[in-house]
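Secondary and tertiary structure notes
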Amino acid sequence: MNIKSEFLPPMINGVSASKLYLPEIFLQPTTTIFEYLCLQFTHISQHEWAQRFNEQLIFNDAGQILTTQSLYTANIHIFYYRFLSNEIHVPFQHIILFENDELIVVDKPHFLTMTPTGQYVQETLLVRLKQQTQNEHLTPIHRLDRETAGVVLFSKRPKTRGQYQQLFAERKVQKTYHAIAPFNPALKFPQQLSLRMEKGEPFYTMQVSEGISNSTTRISILEHNDQWAKYLLQPLTGKQHQLRVHLNHLGLAIQNDSFYPKVVHHSDHDFSAPLQLLAKKIEFQDPIHQKYLSFSSQQELTLS
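In this report, the structure presented in the accompanying data block is examined. (Residues numbered from 1 in each chain as written. Predicted model: local features only at pLDDT ≥ 70, side-chain atom pairs only at ≥ 80, totals over all residues. Heavy atoms only, no water.)

Here the bond from E201 into P202 is cis, since omega is 5°, no more than 30 degrees from zero. For Q134, which is not glycine, the phi dihedral falls at a positive 60°. On the accessibility criterion, Q134 (57% relative accessible area) is exposed. (Buried < 20%, exposed > 50% of the residue type's maximum accessible area, 1.4 Å probe, protein only.)

As structure tokens, then:
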């Protein structure tokens, strides 16, 4: 019996193809796949979709190149690539700190988004790494905000990825951050801060609310002057923006934070004031090799 093998489109310049299912509900005899894509993804212009077709970047699941005239066929998958014609270049480079058969440990710079989203595709850490290593299976095991620099782990093999993700889910990974924020002699450190965090307004921010705490951070001071302090932060939970929200709750907003205490919009071309938050160290017991691993960022934050 012959088993049909699924078409797997190649990686192009570090970008893997996106896979999309065409549902029955959109079946119309005169509708093309091009028209469907324009209706389904209205944030992408018809001109951009047409360009992708013209550049032969869209395939059906048999590997045939589709055109703007290809008829809509329900219950199949198509593949398409996403490139941006005027993507903003991020002028900072990552450093690979460690690599074995399972992992790549990377020192991420400020301003570099982890994975393709919105206005960034090529200028993301994942795509840069895929292009550098030619490993299409690379996947981040955890994430850092675009604004945050420091140590982050990538899985190289789907077969073992879940074991590393489980470490984070079970809080068996020790993470240490450094941050520059105001110095307040009235506050006593070290201290452990527990707060309840929920989605805020705008939607991409978080806020502190009443109720049972769901986020905890240990905070101590490494050094300080009359104005600023360098804080050592050890999150015991992993809420979005946890460290930024916790320090801001103490009246110690991290230097150059554009979200807390209030949202301040900057030009996408402005790289002059990086958020002074660094994922300095990560430690864990490797579930595959049964060794205790510890990795530290080569970057340093300094008091102004």
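Now that the structure has been shown, the text picks up again.
So, on to the sheet that holds strand β1 (residues 18–22). With antiparallel pairing, three strands are arranged side by side in an open sheet as β1-β3-β2. Edge strands, defined here as strands with exactly one partner in the open sheet, are β1 and β2 (58–60). When the angles between neighbouring strand axes are averaged without regard to direction, this sheet yields 25°. With respect to the sheet, helix α1 (residues 33–40) is in contact with β1, β2 and β3 (76–80), its orientation differing from that of β1 by roughly 105°. (Pairing = 2+ DSSP bridges. Helix = DSSP H or I, 4+ residues; strand = E, 2+ residues; numbered from the N terminus. Axes fitted to C-alpha atoms, helices over the stretch in contact; angles between N-to-C directions. Contact = heavy atoms within 4.5 Å.)

The final tally for this structure, using the stated rule, is eleven salt bridges. A salt bridge links R128 to E123; the shortest N-O distance between them is 2.6 Å. E123 matches R128 in its accessibility class, with the two residues each being buried. Two residues, E147 and R244, come together in a salt bridge whose shortest N-O distance is 3.6 Å. Placement of E147 in the loop between β6 (139–140) and β7 (149–155) and of R244 in helix α5 (residues 242–249) is noted, with a sequence separation of 97 residues between them. Shared partners join several salt bridges into a network, and the residues in it are D145, E147, R244 and D257. (Salt bridge = Lys/Arg side-chain N within 4 Å of Asp/Glu carboxyl O.)

This part takes up the pairing of strand β4 (residues 95–99). Alignment of β4 against strand β5 (residues 103–108), held across four bridges, turns out to be antiparallel. Looking at the pairing, E99 lines up with I104 of β5. Adjacent in sequence and paired antiparallel, β4 and β5 are bridged by three residues.

This paragraph deals with the nonpolar core. Of all hydrophobic cores here, the largest spans 33 residues; its most connected members are L125, F154, L233, L247 and L277. Counting residues per element, the ones that place at least two in this core are β5, α3 (125–133), β7, β8 (174–182), β9 (191–199), β12 (228–235), α5 and β13 (277–285). Those residues in contact with L125, other than ones at most four positions away along the chain, are H94, V106, K108, L112, T113, M114, V152 and F154. Membership of the second largest hydrophobic core comes to 19 residues, among which are L37, W49, F53 and I58. (Core = buried A, V, L, I, M, F, W, Y, C linked by side-chain atoms within 4.5 Å.)

Attention now goes to the packing of aromatic side chains. On inspection of all chains with the given rule, the structure shows 16 aromatic pairs. Judged by centre distance (5.8 Å) and plane angle (45°), the ring pair of F41 and W49 falls under tilted. By relative accessible area, which is 0% here, W49 ends up buried. When the ring of F284 is compared with that of F295, the centres are 6.4 Å apart and the planes differ by 45°; the resulting orientation is tilted. One end of the pair, F284, is in strand β13; the other, F295, is in strand β14 (residues 292–296), with eleven residues separating them in the sequence. Each member of the pair F284 and F295 is classed as buried. Seen from the ring of W49, R52 lies directly overhead, with NZ or CZ sitting 4.5 Å from the centre. (Phe/Tyr/Trp six-rings, centres within 6.5 Å; stacked < 30°, edge-to-face > 60°. Lys NZ or Arg CZ within 6 Å of the ring centre and 35° of its normal.)

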